Amino acid sequence: MSSAQDPAGGGGEQQIERPSLVSLHGVAMSEVFIENWAAVESYQADPRDLLVVTYPKAGTTWVQEIVDAILHEGDHAKCGRAPIHKRIPYLEFSFRGLLPSGIDSLAEMTSPKVIKTHLPFQLVPKSFLEQNCKIIYCARNAKDNLVSYFHFDQMNKIQPEPGSWEEYFQRFLQGNVTYGLWHDHVKGWWQVKDEHPILYIFYEDIKEDPRREIVKIMKFLGKELPDAVLDGIVQQTSFESMKENPMTNYSTVSDRYFDRSISLFMRKGTVGDWKNHFTVAQDEVFEEDYRRKMGDTDLRFRTELRGSQ
Ligand code: A3P
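Numbers given to residues run from 1 along each chain, matching the order in which its sequence is written. Two thresholds apply to this predicted model, a pLDDT of at least 70 for residue-level local features and 80 or more for giving and counting side-chain atom pairs, whereas whole-chain, interface and lining totals are computed over all residues. In computing side-chain values, all of the structure's heavy atoms are included and hydrogens and water are not.

Asker: Hey, could you go over the pairing of strand E6 (residues 198–202) for me, with residue numbers and the actual values?
Answerer: Here the term buried applies to any residue with accessible area under 20% of the maximum for its type, exposed to any over 50%, and partly exposed to those in between, with areas from a 1.4 Å probe on protein chains only. Helical segments are the DSSP runs of H or I of at least four residues, strand segments are the runs of E of at least two, and each set is numbered from the N terminus. Judged by how many residues are buried, E6 sits mostly within the fold: five of five residues are covered. Of the two faces of E6, the one lined by Ile 198, Tyr 200 and Phe 202 and the one lined by Leu 199 and Ile 201 are each fully buried. DSSP-based pairing: two strands are paired if at least 2 bridges between them are found. Alignment of strand E5 (residues 134–139) against E6, held across five bridges, turns out to be parallel. By the bridge assignment for E6, Tyr 137 is matched with Tyr 200.

Asker: Please provide a residue-by-residue account of the packing of helix H7 (residues 142–155) against helix H14 (residues 280–294), values included.
Answerer: Every axis corresponds to a line fitted to the C-alpha atoms, with the helix fit spanning only the stretch in contact, and the corresponding angles, defined between N-to-C directions, vary from 0 to 180 degrees. Their axes nearest at 12 Å, the elements H7 and H14 cross at an angle of 120°. Comparing their axes, H14 and H7 come out oblique. Two packed elements cross with a definite hand, and for H7 against H14 that hand is right-handed. Contacts between H7 and H14 pair Ala 142, Lys 143 and Leu 146 from the former with Asp 283, Phe 286, Glu 287 and Tyr 290 from the latter. Under the scheme applied here, ten amino acids are nonpolar (Ala, Val, Leu, Ile, Met, Phe, Trp, Tyr, Cys and Pro), four are charged (Asp, Glu, Lys and Arg), and all others, including Gly, are polar. A breakdown of the residues in the contact of H7 with H14 according to their chemical character gives four nonpolar, no polar and three charged. Here roughly perpendicular refers to angles of 65 to 115 degrees, roughly parallel to angles under 35, roughly antiparallel to angles over 145, and oblique to all remaining angles. It is the rotation of the near helix from the far one that decides the hand of a crossing: anticlockwise by less than a right angle makes it left-handed, clockwise makes it right-handed. Contacts are residue-level and defined by heavy atoms, with any inter-residue pair within 4.5 Å sufficient.

Asker: Lay out the side chain of Asp 273 in plain terms, naming residues and giving numbers.
Answerer: Structurally, Asp 273 can be placed in the loop between helix H13 (239–244) and H14. Distance and chemistry together define a polar contact, namely a pair of N or O atoms within 3.5 Å, with one atom able to donate a hydrogen and the other to accept it when in protein, and with adjacent residues in sequence counting only for side-chain atoms on both sides. Here the side chain of Asp 273 touches Arg 267 through a polar contact of 2.9 Å, side chain to side chain. There is a polar contact of 2.8 Å between the side chain of Asp 273 and the side chain of Asn 276. Excluding its chain neighbours within four sequence positions, the residues that come into contact with Asp 273 are Asp 144, Val 147, Arg 267 and Lys 268.

Asker: Give a detailed account of the site of the ligand, specifying residues and quantitative values.
Answerer: The immediate surroundings of the ligand are formed by 18 residues, with Thr 60, Thr 61, Ser 148, Tyr 203 and Lys 268 found nearest. Residue Ser 148 places a side-chain N or O atom 2.7 Å away from an oxygen atom belonging to the ligand. For the ligand, a nitrogen atom lies 3.4 Å from a polar atom in the backbone of Phe 239. Protein burial of the ligand: of its 570 Å² of free accessible surface, 97% is covered by the chains. Going through the elements one at a time, helix H2 (60–71) and H13 are the ones with two or more residues in the shell around the ligand. Examining the composition of the shell around the ligand, we find that three residues originate from one element, H2, more than from any other. Here the residues of the shell around the ligand are counted per class, giving seven nonpolar, seven polar and four charged. Here a residue is near a molecule or strand as soon as one of its heavy atoms is found within 4 Å of it. Only the protein chains shown count as cover for residues, with accessible areas throughout obtained via the Shrake-Rupley method and a probe of 1.4 Å.

Asker: Tell me about the nonpolar core, and please be specific about residues and values.
Answerer: Nonpolar side chains in soluble globular proteins tend to be buried together. Counting residues in each nonpolar core, the largest one holds 97 residues, and the members touching the most others are Ile 136 and Trp 189. It is H7 that contributes the most residues to this core, seven residues altogether. Every residue in contact with Ile 136, bar those within four places of it in the chain, is listed here: Leu 50, Leu 51, Val 52, Val 53, Val 63, Val 67, Leu 199, Ile 201, Ile 217, Phe 220 and Leu 221. Only buried Ala, Val, Leu, Ile, Met, Phe, Trp, Tyr and Cys residues count toward a nonpolar core, and they belong to the same one when joined by side-chain atoms within 4.5 Å.

Right, here's the structure in full:
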């Protein structure tokens, strides 16, 4: 158990106790995210609602901003109406009643809503599938995803204790982090992508050619936008722009929850950063484990981009 002091001060020393990890139908989950589970499970989606799904740290915020920009036809002012987590609520989010839950935020919105979730396929509320809602799933290669998640869990005081890099590395391979095994998550959604209106995209593809992927998302959403608007969206959703934008960089979240002396939310935004973290021995263990867990799928990832960054 660890704690964070409230740098805002004022009311003296306030501490946040990190939650523990529990099992939700066999998937590791932060205990605070199951506070509202009955309401999440029975959530009634509208057929016009759009679900953005990812394993944590796979580029959720990036896709959220792209979607919001497309739906608002590249209008900067409209996209700047609120921080991204308020524009697109996080379905299962809950934190001891101290922060607005996803369910509470969604109750204040009217459909069509765009909703974020990190739930694996088997735990997504059935109404999204029954209502045939469109779903965008974005996946990121496991190595960069792991590195990004490690940094995030260190700085985000409302996530379970991450431990050291080596400990975290082992826990990720065991599925002992919030939302469980990365491998099951990406495969679970991949298996059902042709049975539902699911657009399955990759972080590395957006990085390689953002315009191409933005057009893909635009078409999936049934929108047509002029070239100049698309150019603006590419610019608005670049890492550099989003890093500077308080409506996308999570700078509106209190230091009490996000310790920015450890890491920024918009940290690096690259493909291949895992090479700066994995030891040779860890890479061997990872690859061996990966072959076992991913041997039964045709899902392929890129862990580097040619001539990249
Ligand atoms: P890094 O920690 O590797 O920098 P999520 O939104 O799912 O929490 O994912 C966060 C990760 O996506 C972070 O990765 C963040 O920097 C990256 N990211 C966010 N916006 C991005 C953008 N516009 N371009 C590239 N990466 C982006």
